[in-house]
Amino acid sequence: MSETASQTAGAAEERDLTDGFNLVIDALKLNGIQTIYNVPGIPITDLGRMMQGSGLRVISFRHEQNAGYAASIAGFLTKKPGVCLTVSAPGFLNGLTALANATTNCFPMILISGSSEREIVDLQQGDYEEMDQLAIAKPLCKAAFRVLHAADIGIGVARAIRAAVSGRPGGVYLDLPAKLFGQVIDAEVGQKSLVKVIDPAPAHIPAPAAVKRALDVLKSAKKPVIILGKGAAYAQADDDIRAFVEKSGAPFLPMSMAKGLLPDVHPQAAGAARSTVLAESDVVMLIGARLNWLLSHGKGKTWGKAPKKFIQIDIEPKEMDSNVEIVAPLVGDIGSCVSALLAGMGSDWPAAPADWVKSVNTKKDDNIAKMAPRLMNNKSPMDYHGALGVLRTIVKERPDALFVNEGANTLDLTRGIVDMYKPRKRLDVGTWGVMGIGMGFCIAATVETGKPVLAVVGDSAFGFSGMEVETICRYNLPVCVVVFNNDGIYRGDGVNLGGGSDPSTTVFVKGARYDRMMEAFGGVGVNATSPDELRVAVNTAMDSGKPTLINAVIDPAAGAESGRIGNLNPQSQLKKK
Ligand code: ADP
Ligand code: TPW
Ligand code: MG
């Protein structure tokens, strides 16, 4: 055979065969997956390379937990599962925290991990990175699958996608043993084995009787309030939700990641009168928000003495009555539920009771006026209010930027002070209050939306994912990270109770310069010691789009223990010696 002839024969052979690597890629692409968040290594190094070669965008991280958080928030932003790819045992475990967090937060995500040889793992014979990953993942996610045969890859990927996004979204684990990737099968058989998932998150239409019941309760209210949760933000039914809230005339409270679904400056926004509204309301309508600890379980002091009636919209039937009686459960997807409610309201829906609306507005205006002078102080070192006064204006001027927030005081005060103007812009620590989402969220936020990102993170919070500033520089992402540096966790002035020379358990190196971490990788670092310096630095960063880290020097004594949730801290009742 001539050289040309043998090349042609080789190519023909290649055309006829495919393998596990290619089938995984084809299955993901067929289902519209475009981005993979990964950390390479055995047995998925080549998979990552080949994914990139095939046109998928592959973002390689420094630690799987951050890649996992990135994938999970990609899922929240896009309603498609975010995909994280890791190596076996330790890489898998690093990704697992993010998978569990995604499930807790109802974010659709798929963790794909390579795994070692089943025969050796199951006999516990000590394989390279031996671990029964499927068994470990199961209790921590919505569904877990393993694929052993190349011909089953299409089904495995399809099941993972559907499980992640249908019903209540969540995390799915997909176990791909090393041997699978090299399995060769006939290309045509392989192509036919792929499954394009039709209607992965089917609409759940609410029952007409349930819609009527909900509207009857809402109509009976003298003091209604609507609570919007991140499920409502996720649903991407923004116009209908806004129309419904406006037609109801009720004050609304956004949960943290629902801020901006309607602008925080909307006339019905009642965030600044939150305690009054929760305590005094008589009918509470929850839209994609659970009555968990973040809402004091729907009972106790926060909710006041007046009897309450709860209406709840959720796609998960089991959520109803989880903490208190729900008098009007509305089970369905938020888009379908809200449009059914709007239709049922007709054209003569009564305005919300004027005395209630007025009393909420008076309280709100009082609280906003009280806060205003604190936000204008120009102290150096800064306190939280001085720094946040500046950032609040910047976010107002740049409403399209994504906003990432984590920390304790840095979280609670920022959430209260920085208004959001558009849906799904605010991304934060979510249901668990987990530290470490910061840089992963920043990276996915810009990768998925093409928009710039502003992050406000505590110095402790930042430390959990800080190494990913290298990733931000490597991919040259328009991310501006503001580290609120108060020398520690909650405060920087803790003392060693034993009197020894070790620092207190809650403090860090004094005067640390986090800005230099960004400089180490070619990004821009700025040390800002006053609100004026902070304003200039953030605006410069947002204008330039260059990776920037601003070390914002905050008074070590400005914070409170655990931010706003110090009450959850158990304390020794024994007399101090
Ligand atoms: P928050 O922390 O903002 O209060 P939660 O995470 O507690 O919000 O609640 C979100 C709720 O939204 C979950 O109970 C989830 O089942 C629900 N949910 C998510 N997506 C949808 C959707 N498309 N339609 C209806 N409910 C949804
Ligand atoms: C994964 C516990 C809650 S808040 C916080 C920790 C360690 C850091 C607070 O300090 P920071 O903010 O970020 O400097 P500030 O402004 O108050 O000083 N591990 C995980 N998650 C949580 N929630 C913790 C520990 C915690
Ligand atoms: Mg701190």
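Residues numbered from 1 in each chain as written. Chains lettered and ligands numbered in written order. Predicted model: local features only at pLDDT ≥ 70, side-chain atom pairs only at ≥ 80, totals over all residues. Heavy atoms only, no water.

Visitor: Go over the coordination of the magnesium ion (ligand 3), please, and point to the residues and values.
Guide: For the magnesium ion (ligand 3), the full set of protein donor atoms is Asp459 (OD), Asn486 (OD1) and Gly488 (O), and the range of their distances to it is 2.0 to 2.1 Å. Read in sequence order, the donor residues for the magnesium ion (ligand 3) give the motif D-x26-N-x1-G. By relative accessible area, which is 2% here, Asn486 ends up buried. Among the residues examined, Gly488 registers a relative accessible area of 3% and is labelled buried. (Donors = N, O, S within 2.8 Å, 3.2 Å for Na, K, Ca; no water. Buried < 20%, exposed > 50% of the residue type's maximum accessible area, 1.4 Å probe, protein only.)

Visitor: Could you give an account of unusual backbone geometry, naming the residues involved and the relevant values?
Guide: Of note, the amide linkage connecting Ile42 to Pro43 takes the cis form, showing an omega dihedral of 5°. Within the secondary structure, Pro43 is located in the loop between strand 2 (35-38) and helix 3 (45-53). For the bond from Ser380 to Pro381, the omega torsion is 0°, close enough to zero to count as cis. By secondary structure assignment, the location of Pro381 is in the loop between helix 16 (354-375) and helix 17 (384-397). The backbone phi angle of Asp199 is positive, close to 50°, even though this residue is not glycine. Within the secondary structure layout, Asp199 lies in the loop between helix 10 (187-193) and helix 11 (208-220). (Helix = DSSP H or I, 4+ residues; strand = E, 2+ residues; numbered from the N terminus.)

Visitor: Describe the domain arrangement of the protein chain, listing the residues and the values that go with them.
Guide: Taken domain by domain, the protein chain consists of domain 1 (15-193), domain 2 (208-363) and domain 3 (377-561). Spacing between the C-alpha centres of domain 1 and domain 2 amounts to 38 Å. Counting from both sides, the interface comprises 15 residues of domain 1 and, opposite them, 11 residues of domain 2. Three residues stand out in domain 1 for area buried against domain 2, namely Phe76, Lys79 and Arg168, and they jointly supply 60% of the buried area on that side. Along the contact surface separating domain 1 from domain 2 lie 1 salt bridge. As a salt-bridge pair, Arg168 and Glu319 come within 2.8 Å of each other at their nearest N and O atoms. Summed over the shared surface of domain 1 and domain 2, the number is 5 residue pairs in polar contact (both at pLDDT 80 or more). Of all the secondary-structure elements, those providing two or more residues to the side of domain 1 that touches domain 2 are helix 4 (64-78) and helix 5 (89-105). Per-element accounting of the side of domain 1 that touches domain 2 gives the leading share, 5 residues, to helix 4. Broken down by class, the residue content of the side of domain 1 that touches domain 2 amounts to 8 nonpolar, 5 polar and 2 charged. (Domains from an automatic or database assignment. Contact = heavy atoms within 4.5 Å. Buried area = accessible area lost by both parts, 1.4 Å probe. Salt bridge = Lys/Arg side-chain N within 4 Å of Asp/Glu carboxyl O. Polar contact = N/O pair within 3.5 Å; in protein donor to acceptor, adjacent residues only side chain to side chain. Nonpolar A, V, L, I, M, F, W, Y, C, P; charged D, E, K, R; others polar.)

Visitor: Describe the site of ligand 1, with residues and values.
Guide: Close contacts around ligand 1 come from 18 residues, with Arg168, Lys230, Arg290, Asp314 and Ile334 the closest. Between an oxygen atom of ligand 1 and a main-chain N or O atom of Gly288, the distance comes to 3.4 Å. Relative to its unbound accessible surface of 580 Å², ligand 1 loses 96% to contact with the protein. At 3 residues, the largest contribution of residues to the shell around ligand 1 is made by helix 12 (residues 230-234). (Near = heavy atom within 4 Å. Areas by Shrake-Rupley, 256 points an atom, 1.4 Å probe, with all protein chains shown as cover.)

Visitor: Break down helix 23 (residues 531-544) for me, with residues and values.
Guide: Over its 14 residues, helix 23 extends 20 Å from the first C-alpha to the last, a length consistent with the 20 Å expected when each residue adds 1.5 Å. Within helix 23, the full set of buried residues consists of Pro531, Leu534, Ala537, Val538, Asn539, Ala541 and Met542. Check the buried side of helix 23 and you find it contacts helix 17, strand 16 (453-458), strand 17 (479-485), strand 18 (524-528) and strand 19 (548-553). Following helix 23 by one or two positions, Gly545 adopts a phi angle in the positive range, close to 70°. (Expected span 1.5 Å × (residues − 1).)

Visitor: So what's going on with the sheet that holds strand 10 (residues 252-254)? Residues and values would help.
Guide: The strand order across the open sheet built from 5 strands is 10-9-11-12-13, with neighbouring strands paired in parallel fashion. Edge positions in the sheet fall to strand 10 and strand 13 (328-331), since each has one partner strand and no second. On average, each strand axis in the sheet is inclined to that of its neighbour by 15°, with strand direction left out of account. In terms of strand pairing, strand 9 (residues 224-228) meets strand 11 (residues 283-287) through 5 bridges, oriented parallel. Bridge assignment links Ile226 to a residue of strand 11, and that residue is Met285. This element, helix 13 (residues 238-248), spans strand 9, strand 10 and strand 11 of the sheet and lies at about 165° to strand 9. Packed onto the sheet, helix 15 (residues 334-345) meets strand 11, strand 12 (309-314) and strand 13 and runs at close to 130° relative to strand 12. (Pairing = 2+ DSSP bridges. Axes fitted to C-alpha atoms, helices over the stretch in contact; angles between N-to-C directions.)

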